[in-house]
Amino acid sequence: MATTVDAPTAENRPAGAQRDLEEQRRAPLKTGEDPQNTLAASLKDAAAAALLAGVLGFFFLALRTEIAPGGLDVSARWGLWLASIAVVFAGRLLLNLFVFKTRRPVTQLFAGRGAGLGARLPWLGKAVGAALFLFAMILPFFITTVFPAQQRQYIDLAILIMTYVMLGWGLNIVVGLAGLLDLGYVAFYAVGAYAFALLSTHFEVIGFWTALPLAGMLAAFWGVILGFPVLRLRGDYLAIVTLAFGEMIRIVLLNWYDFTGGPNGISGIPKPTLFGLEFTRGEDGVAAFLGIEYSTIHRFIYLYYIIFILAIVTNFVTMRLRRLPVGRAWEALREDEIACRSLGINTTNTKLTAFAIGAMFGGFAGSFFATRQGFISPESFTFLESAIILAIVVLGGLGSQIGVVIASVVMIGGIEMLRNIGFLSDIFGPDFDPVKYRMLIFGLAMVGIMIWKPRGLISTREPTIALKERKRIGADYVAQGEGH
Amino acid sequence: MNPSPATAAGPQTGPATRWDDDPVLTVEHLTMRFGGLVAVGDLSFNVGHGDITALIGPNGAGKTTVFNCVTGFYKPTEGRIVMRHGPGRQQQAVDAVTASGLRYKAANDGAVFLLERMPDYEITKSAKVARTFQNIRLFGGMTVLENLLVAQHNPLMIASGFTFGGIIGLPAYARAQGEAVDRAVYWMEHVNLLDRADDPAGDLPYGAQRRLEIARAMCTRPELLCLDEPAAGLNPRESAELNQLLQFIRSEGTSVLLIEHDMGVVMEISDHIIVLDYGIKISDGDPSFVKSDPKVIAAYLGVDDEAEIDVPEVRAEVAAVIHEAGSGAQAAGPTRPEGGRT
Ligand SMILES: Nc1ncnc2c1ncn2[C@@H]1O[C@H](COP(=O)(O)OP(=O)(O)OP(=O)(O)O)[C@@H](O)[C@H]1O
Ligand SMILES: [Mg+2]
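Quick look at the structure, then. (Residues numbered from 1 in each chain as written. Chains lettered and ligands numbered in written order. Predicted model: local features only at pLDDT ≥ 70, side-chain atom pairs only at ≥ 80, totals over all residues. Heavy atoms only, no water.)

### Structural notes on the pattern of salt bridges
Right, on to step 1. Throughout the structure, instances matching the rule amount to 19 salt bridges over all chains.
Right, on to step 2. Across the salt bridge formed by Glu331 of chain A and Arg334 of chain A, the nearest N and O atoms sit 3.1 Å from each other. Remark: Arg334 of chain A and Glu331 of chain A occur in helix α13 (residues 325-335); sequence separation between them is three residues, near one turn of the helix.
Right, on to step 3. Of the residues examined, Arg334 of chain A reaches a relative accessible area of 7% and is grouped as buried.
Right, on to step 4. Across the pair Arg33 of chain B and Glu78 of chain B runs a salt bridge, and its minimum N-O distance is 3.8 Å. Taken together, the residues span a long stretch of sequence, with Arg33 of chain B in strand β1 (residues 23-34) and Glu78 of chain B in strand β4 (residues 78-85) at a distance of 45 residues.
Right, on to step 5. The exposure class assigned to Arg33 of chain B is partly exposed, which follows from its relative accessible area of 38%.
Right, on to step 6. A relative accessible area of 43% places Glu78 of chain B in the partly exposed class.
Right, on to step 7. One salt-bridge network, held together by shared partners, links Arg322, Glu331, Arg334, Glu335 and Arg461 of chain A together with Glu146 of chain B. (Salt bridge = Lys/Arg side-chain N within 4 Å of Asp/Glu carboxyl O. Helix = DSSP H or I, 4+ residues; strand = E, 2+ residues; numbered from the N terminus. Buried < 20%, exposed > 50% of the residue type's maximum accessible area, 1.4 Å probe, protein only.)

As structure tokens, this is what we get:
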């Protein structure tokens, strides 16, 4: 029975997922099929796709029923039908030839280049972050000097983007760090907004600055209340139940007419003041106090700076938390919950803190939203809002702060910008409104990112502490947590 | 539910042994059922203070299940699991805490914990039992150093004033983190991973991951370290290094409970061996006793078909033992995976 130490020790090989991982790493990269088969296979596949498009489209595209005198009239649109088949065939063929069935997918080319850049230039992230910060700091003045004609529109857009940056950063704590897929984040946004709206309309003394911490605390409280039953669930179940909770809050707001005003919402929410001074034309306005000429734009600039500071605080606190034991526990939780428990970490409490802190920032953003709009109603807090915030976090790269900024600018700013691009309506006709296609563009962006960079724009992870050298950790090693 | 030391140790041992007099962990009448399957049946044993104790047995014998019960990942169907800090059996404290319905009791120079009443994280946090897993469970996307800092979560949490102090940047937290890093460096030195401190744990080779998991468990400052097959998948040199590491851990004052298939490791370093088969203890004693126990040889028959057991007398004895064990573990019998013996 006893063997010597020199003999082969164990027949046991690494087990389970570990073994799969090792094998995966050892195995040669499998790409595509034999080159001589590529074209034939691609053609076959494309033909199958075209056939499918033809079958599916036959009743929708080829045949058209119209109400005619004496009943329905069937007209055929063969051109449209054949064109759609041709488009599907060509698109599928190109995808096959250059992405799916080739040895060197073009997408790999981009991915390799992007990843290499981040690894070779570790300071790049910091430099970009600092540049963005400085730019955001002077943005209102940049806009007023460069685009004086559209200053109000652009500053409004900047405020909107900044709100989504803040929401993205708040949700990033829950989804990106703790790895808990929360589809009902907008609930906390709503709690913050309604908390401020109700407090300020019922109590004269409560202004924006006193209501802000209260709204944050209330949202955090709701985060704990909702989190407690939910956090026992894992993966997909967690996602579904958070989604349901988000909707429940909205529906309560919609139906509790006496308290929330129901679908009519709450109006007359006070504007924020600067040390008690209001942004009005009168004697006691900010402009008079500072001795500058009154302009409506001042209030927008002020709003911009409020959300800018709130967002920066969110970022600062998140970065700080990552370096504290809670933050490390969040990330450890995302990596392996069972291992966490074996190390004496109370995982329920850890998840609850993530939920509560994420909710708190959502509540702050909600208060800001209420004061900016002056009017809120349940319509602003639909599931779509949650989905957009989550999309920003996922597209930016889970856990990446800069990724959230880039994704917000692209997704929110980009779509607003589409409105102003004249040549689109030249092509598609005068009543073409790109905002109508917002969801289509969202979807395309998602699909594009999932092909090009499945882990989001910035997928590497920065270690929270280093002994000698801080090396970024590749996305392959980083777990995504539950429900992804 | 208050067995005398002799029954707790089992019938195989003769007069009271070191581990019966001064146990750090006592498992008493532990039973774990999964539906109709009895994974562990009425198991009792002691783990001696400062010993390396090995739990061995064929595949599916229930070793990992025992670990999961001890570390709180499973709630045992029946039985008592007592963890002691400080010397001696502390019988009075054990009786008192059992009767009181509390989870633990601090005596004058020690403390007694009833692990079956505690949630898993509390067992590591307060009772100071750390463990590793049969399938390595590291935080793959975090660096080696981060892994070791996560293991020191609880003391660091207090030092950071439950996060509030850390946010405002109290110097006490910076100091505590410095100490935690020192401790991590200490263990990285001992498991030979210092030069990989800033690499992601998922990037380490298999053997290094096993060592890191042990280091991470040691960073929780355990009184008892439970290792589930730490030598699995290691090459002979790594396996020899592991022996040294375990002996070093023992010299640091941590008792070790070890599941192992590798008899080279087991016989060389263990002070005490417990053999399980079909969830039932078939032998308990020091290595020389267990090595020559016919029941143990029988349990391992089918893998170690070496010449030494191909003797008619032994065969007869083996047959008797198999018969005996088979009737003793009827519930476990049919579900036993075939040919899974190592
Ligand atoms: N959670 C569970 N649910 C149902 N059955 C289980 C569970 N965990 C373990 N078992 C069963 O209990 C028995 C003992 O399993 P255990 O993992 O403890 O064996 P082991 O001695 O650790 O084996 P190995 O040497 O292969 O690791 C097995 O038959 C197993 O299928
Ligand atoms: Mg096992």
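### A word on the nonpolar core
Right, on to step 1. Core analysis: the biggest nonpolar cluster contains 163 residues, and Tyr304, Trp330 and Ile376 of chain A together with Ile249 of chain B have the highest contact counts within it.
Right, on to step 2. At 17 residues, the largest contribution of residues to this core is made by helix α6 (residues 151-177) of chain A.
Right, on to step 3. Formed by 30 residues, the second largest nonpolar core is a distinct cluster that contains Val27, Met32, Val70 and Val129 of chain B. (Core = buried A, V, L, I, M, F, W, Y, C linked by side-chain atoms within 4.5 Å.)

### Overview of the site of ligand 1
All names here are of chain B.
Right, on to step 1. In the vicinity of ligand 1 there are 14 residues, among which Asn59, Lys63, Thr64, Thr65 and Gln134 approach most closely.
Right, on to step 2. Within the backbone of Gly60, a nitrogen or oxygen atom sits 2.8 Å from an oxygen atom of ligand 1.
Right, on to step 3. The separation between an oxygen atom of ligand 1 and a polar side-chain atom of Gln134 is 2.7 Å.
Right, on to step 4. In the complex, 68% of the free accessible area of ligand 1, which totals 630 Å², lies under the protein chains.
Right, on to step 5. Counting residues per element, the ones that place at least two in the shell around ligand 1 are β2 (37-48) and α3 (63-70).
Right, on to step 6. Broken down by element, the residue count for the shell around ligand 1 peaks at three residues, all from α3.
Right, on to step 7. Residues belonging to the shell around ligand 1 are distributed by class as follows: five nonpolar, seven polar and two charged. (Near = heavy atom within 4 Å. Polar contact = N/O pair within 3.5 Å; in protein donor to acceptor, adjacent residues only side chain to side chain. Areas by Shrake-Rupley, 256 points an atom, 1.4 Å probe, with all protein chains shown as cover. Nonpolar A, V, L, I, M, F, W, Y, C, P; charged D, E, K, R; others polar.)

### Points about the pairing of strand β1 (residues 63-68) of chain A
For a regular strand, the rule is simple: side chains alternate between the two faces of the sheet.
Residue and element names in this part refer to chain A.
Right, on to step 1. Relative to strand β2 (residues 71-76), β1 runs antiparallel, the two sharing six bridges. Across the sheet, Ile67 pairs through a bridge with Leu72, a residue of β2.
Right, on to step 2. Where β1 folds back onto β2 in an antiparallel hairpin, the turn is made up of two residues, including Gly70, whose phi is positive at roughly 90 degrees. (Pairing = 2+ DSSP bridges.)

### Details of helix α10 (residues 206-218) of chain B
Right, on to step 1. Across its 13 residues, α10 of chain B extends 19 Å between first and last C-alpha, which sits within 8% of the 18 Å expected from 1.5 Å per residue.
Right, on to step 2. Taken across its 13 residues, α10 of chain B has 13 buried, putting it largely inside the fold. (Expected span 1.5 Å × (residues − 1).)

### Things to note about the coordination of the magnesium ion (ligand 2)
Four donors placed tetrahedrally around a metal ideally meet at 109.5 degrees, and six donors placed octahedrally ideally meet at 90 or 180 degrees.
Residues and elements named next belong to chain B.
Right, on to step 1. Protein ligation of the magnesium ion (ligand 2) involves Thr64 (OG1) and Gln134 (OE1), the donor distances falling in the range 1.8 to 2.2 Å. Of the two residues, Thr64 is situated in helix α3 and Gln134 in the loop between β7 (129-131) and α6 (144-150); the sequence distance between them amounts to 70 residues.
Right, on to step 2. Looking at Thr64, the relative accessible area reads 24%, which means it is partly exposed. (Donors = N, O, S within 2.8 Å, 3.2 Å for Na, K, Ca; no water.)

### A look at the environment of Asp42 of chain B
Residues and elements named next belong to chain B.
Right, on to step 1. The residue Asp42 is located in strand β2 in this model.
Right, on to step 2. Given the relative accessible area of 49%, Asp42 is considered partly exposed.
Right, on to step 3. Between the C-alpha atoms of Asp42 and Ile280, which are 238 residues apart in sequence, the distance is 7.1 Å.
Right, on to step 4. Once you skip the residues sitting within four places of it in the chain, Asp42 turns out to touch His29, Leu30 and Thr31.
Right, on to step 5. Within the local environment of Asp42, its side chain forms a polar contact with the side chain of His29, the two groups lying 2.7 Å apart. (Contact = heavy atoms within 4.5 Å.)

### Examining the interface of chain B and chain A
Right, on to step 1. Between chain B and chain A, the residue contacts involve 70 residues of the former and 51 residues of the latter.
Right, on to step 2. Where chain B abuts chain A, roughly 5000 Å² becomes buried across the two surfaces, and 61% of that area is made up of carbon and sulfur atoms.
Right, on to step 3. The tally of links from chain B across to chain A stands at three salt bridges.
Right, on to step 4. Among the salt bridges present, the one from Arg341 of chain A reaches Asp120 of chain B, with a minimum N-O distance of 2.3 Å.
Right, on to step 5. On inspection of chain B and its partner chain A, the count reaches twelve residue pairs in polar contact (both at pLDDT 80 or more).
Right, on to step 6. For the side of chain B that touches chain A, the secondary structure elements donating two or more residues are α5 (120-125), α6, α7 (153-159), α8 (164-167), α9 (171-190), α10, α11 (236-251) and α12 (263-269) of chain B.
Right, on to step 7. It is α9 of chain B that contributes the most residues to the side of chain B that touches chain A, five residues altogether.
Right, on to step 8. Of the residues contributing to the side of chain B that touches chain A, the split by class is 32 nonpolar, 21 polar and 17 charged. (Buried area = accessible area lost by both parts, 1.4 Å probe.)

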